[in-house]
Amino acid sequence: MNFTDSLWLSIEAIYSKILAHPFVQGLTDGSLDESAFRFYAIQDALYLQDFARGLAILGAKADSDDDFLMFCDHASNAILVERSMHDSFFKAWQLTSEQVYNTPPAPNCLLYTSYLLRVALGLPYYEAVGAFLPCYWIYWQVGKELVQKGSVNPLYQQWIDTYASDEFEAVVKAVLPVMDNLALGLTQPQKEAVKHHFIITSKMEYLFWDMGYHQQEWEV
Ligand SMILES: Cc1ncc(C[n+]2csc(CCO)c2C)c(N)n1
């Protein structure tokens, strides 16, 4: 079994909870309140800015030029995806860039990006790759799952199509072997450290949708 297969097995219960979450369910059956989706999309734009910076740090830490090129490419792509949201979703809602960027990050968004940047900056390269993997992998799996049902809402369908696309599949399929190759040189405790981050950030993926669904606010 590949190391990444064992990682996925460790989050099966979390992944099931993600698929069952009313935010994710509501994307296909249309029951998701569009204001919750808008809240999520704004937070995701903020998330992508930090995520891209985290990927650039991963690129700088990479132990091969191929990994460097890949993570830098994904870093720049994350910003391009974020910009394209301004031309599609935010335009549809008549939201300006200022309005998006002046929105404070919600607690779960800040929790997730802060964790990613802490691991990227302070911990070994292989641990950081483990922390960033769920972001790719869970979105791809969710995209593939949701595209089978389709959505009654064209905006939600556009979101689903992005993550169910062949282009996105190629991105995820480029990242997984990086983790598997790194794992070949890791000790058992080092692999446990990777799995620890993988499980934590998978939980944060759940919390991110939950944040959108409840339009999470700072209670103080
Ligand atoms: C909370 C949250 N998690 C994952 C993604 C998906 N995603 C964002 S950037 C990237 C890879 C590089 O472009 C991927 C897979 C998202 N948008 N928001």
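Residues numbered from 1 in each chain as written. Predicted model: local features only at pLDDT ≥ 70, side-chain atom pairs only at ≥ 80, totals over all residues. Heavy atoms only, no water.

The protein chain carries the name Aminopyrimidine aminohydrolase in an unreviewed UniProt entry, which gives Microseira wollei NIES-4236 as its organism. Recorded in UniProt for the protein chain, the comment headed Pathway (unreviewed entry) runs: "Cofactor biosynthesis; thiamine diphosphate biosynthesis." The UniProt entry for the protein chain carries this comment under Sequence similarities (unreviewed entry): "Belongs to the TenA family." (UniProt positions renumbered as here; feature names shortened; annotations may be inferred.)

Chemist: For this particular structure, what's the right way to read the overall build of the protein chain?
Modeler: The number of helices and strands found in the protein chain is 12 helices and 0 strands. Start at the N end of the protein chain and walk to the C end: the helices and strands fall as α-α-α-α-α-α-α-α-α-α-α-α. Relative to the globule expectation of 17 Å for 220 residues, the C-alpha radius of gyration of the protein chain, 17 Å, shows essentially globular dimensions. By its C-alpha atoms, the protein chain is 50 × 40 × 35 Å across when sized along the principal axes. Residues counted as buried form 50% of the 220 residues belonging to the protein chain. When contacts within the protein chain are restricted to residue pairs at least 6 apart in sequence, those whose partners lie at least 24 apart make up 83%. Per element, the accessible surface of the protein chain, about 10,300 Å² overall, is 55% carbon and sulfur. Averaging the coordinates of the 13 positive side-chain charges in the protein chain and doing the same for the 27 negative ones gives two points 4 Å apart. (Helix = DSSP H or I, 4+ residues; strand = E, 2+ residues; numbered from the N terminus. Rg over C-alpha atoms; globule rule 2.2 N^0.38 Å. Buried < 20%, exposed > 50% of the residue type's maximum accessible area, 1.4 Å probe, protein only. Contact = heavy atoms within 4.5 Å. Areas by Shrake-Rupley, 256 points an atom, 1.4 Å probe, with all protein chains shown as cover. Lys, Arg positive; Asp, Glu negative; His and termini not counted. Charge placed at Lys NZ, Arg CZ, Asp CG, Glu CD.)

Chemist: Is there a simple way to explain the UniProt feature "domain: Thiaminase-2/PQQC" (unreviewed entry) in the protein chain in this structure?
Modeler: As annotated by UniProt and renumbered to match this structure, "domain: Thiaminase-2/PQQC" (unreviewed entry) occupies residues 11-214. Between the end C-alpha atoms of residues 11-214 the distance is 23 Å, and the span holds 85% helix and 0% strand.

Chemist: Help me understand helix α9 (residues 125-149) in this model?
Modeler: Think of an α-helix as turning once every 3.6 residues; residues three or four places apart then point the same way. With 25 residues, α9 extends 38 Å between its outermost C-alpha atoms, agreeing within 8% with the 36 Å of an ideal straight helix rising 1.5 Å per residue. The largest bend in α9 is about 30°, located at F132, with the proline P134 one to four residues further on. When you tally the buried positions in α9, you get 20 out of 25 residues, the bulk of the element. Phi for G150, located one or two positions after α9, is positive at around 75°. (Expected span 1.5 Å × (residues − 1). Bend = angle between axes of the 7 residues up to and from the residue.)

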